[in-house]
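Each chain, letter by letter, is given below.
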Amino acid sequence: MMQGIQPSDNVPLADYLALLRHIAPAAEAGARDYLAAFARRCGRPLTPAELRRAMADGDGDPALMALIRANQLGDTAGREQLAGKIRCSGKATR
């Protein structure tokens, strides 16, 4: 194994999303919303490792956790509002 890379860093995005769907459909839907909002706002796709960290580090990225909650509640307006709170890492925002 390469130093600094966790085994789960190599999980393809589709597999990670399928796992979330099995855990809770709202988690998958929230993650998909987060991925789309990140790409629009930040001008690049989020990597599977970045999504995993956003989900698992500490209490999780607040915007991602809120998107999952909004999906669970069926709050479409909240989902749209939360998409604007995505923080970009790396490259500049659009």
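As a convention, each chain's residues are numbered from 1 in the sequence order in which they are written. Local features in this predicted model are restricted to residues of pLDDT 70 or higher, and side-chain atom pairs are both shown and tallied only at a pLDDT of 80 or more, whereas totals for entire chains, interfaces and linings draw on every residue. Side-chain figures throughout are based on the complete set of non-hydrogen atoms in the structure, without hydrogens or water.

Caption draft 1: Just the nonpolar core, in detail. The criterion is simple. A nonpolar core is a set of buried Ala, Val, Leu, Ile, Met, Phe, Trp, Tyr and Cys residues joined through side-chain atoms within 4.5 Å. Each residue's exposure class comes from its accessible area (1.4 Å probe, protein chains only) as a fraction of the maximum for that residue type: buried when under 20%, exposed when over 50%, partly exposed otherwise. If you look at the biggest cluster of nonpolar residues, it comprises 25 residues, and the most contacted ones within it are Leu-20, Tyr-34, Leu-51, Met-55, Leu-64, Ile-68 and Ile-86. Runs of E in the DSSP output that reach at least two residues are strands. Runs of H or I that reach at least four are helices, and both are numbered from the N terminus. Elements supplying a minimum of two residues to this core: helix H1 (13-23), helix H2 (25-42), helix H3 (48-56), helix H4 (62-73) and helix H5 (76-83). Counting residues per element, this core draws most heavily on H2, at 8 residues. We call two residues in contact whenever any of their non-hydrogen atoms come within 4.5 Å of each other. If near-sequence neighbours (up to four positions away) are discounted, Ile-86 is found in contact with Tyr-34, Ala-37, Phe-38, Arg-41, Ala-63 and Leu-67.

Caption draft 2: Focus on the state of the cysteines. Two cysteine sulfur atoms form a disulfide, by the criterion used here, when they sit within 2.5 Å. All chains considered together, the criterion is met by 1 disulfide. At a sulfur-sulfur separation of 1.9 Å, the disulfide partner of Cys-42 is Cys-88. Taking the sign of the torsion about the S-S bond as the criterion, the disulfide between Cys-42 and Cys-88, at about -90°, is left-handed. Of the two residues, Cys-42 is situated in helix H2 and Cys-88 in the segment after H5; the sequence distance between them amounts to 46 residues. We classify Cys-88 as partly exposed; its relative accessible area is 25%.

Caption draft 3: Molecular detail of the packing of H2 against H3. Only the contacting stretch of a helix is used when fitting its axis, a line to C-alpha atoms as for every element, and angles between N-to-C directions run 0 to 180 degrees. Where H2 contacts H3, the axes come no closer than 12 Å and their chain directions differ by 125°. One element, H2, and the other, H3, form an angle in the oblique class. When you trace H2 past H3, the crossing you get is right-handed. Listed contacts from H3 to Ala-27, Ala-31, Tyr-34 and Leu-35 of H2 are Leu-51, Ala-54 and Met-55. Its residues assigned to classes, the contact of H2 with H3 shows 7 nonpolar, no polar and no charged. Any angle between 65 and 115 degrees counts as roughly perpendicular, while under 35 counts as roughly parallel, over 145 as roughly antiparallel, and the rest as oblique. Handedness of each helix crossing follows the sense of rotation of the near helix against the far helix: counterclockwise by less than a right angle gives left-handed, clockwise gives right-handed. Charged means Asp, Glu, Lys or Arg here, nonpolar means Ala, Val, Leu, Ile, Met, Phe, Trp, Tyr, Cys or Pro, and polar covers whatever is left, Gly included.

Caption draft 4: Here's a closer look at the environment of Ala-27. As for its position among the elements, Ala-27 is in helix H2. Given a relative accessible area of 9%, Ala-27 falls into the buried group. Between the alpha carbons of Ala-27 and Asn-71 there is a distance of 7.9 Å; along the sequence they are 44 residues apart. Setting aside chain neighbours within four positions, we find Ala-27 in contact with Leu-20, Met-55 and Ile-68.

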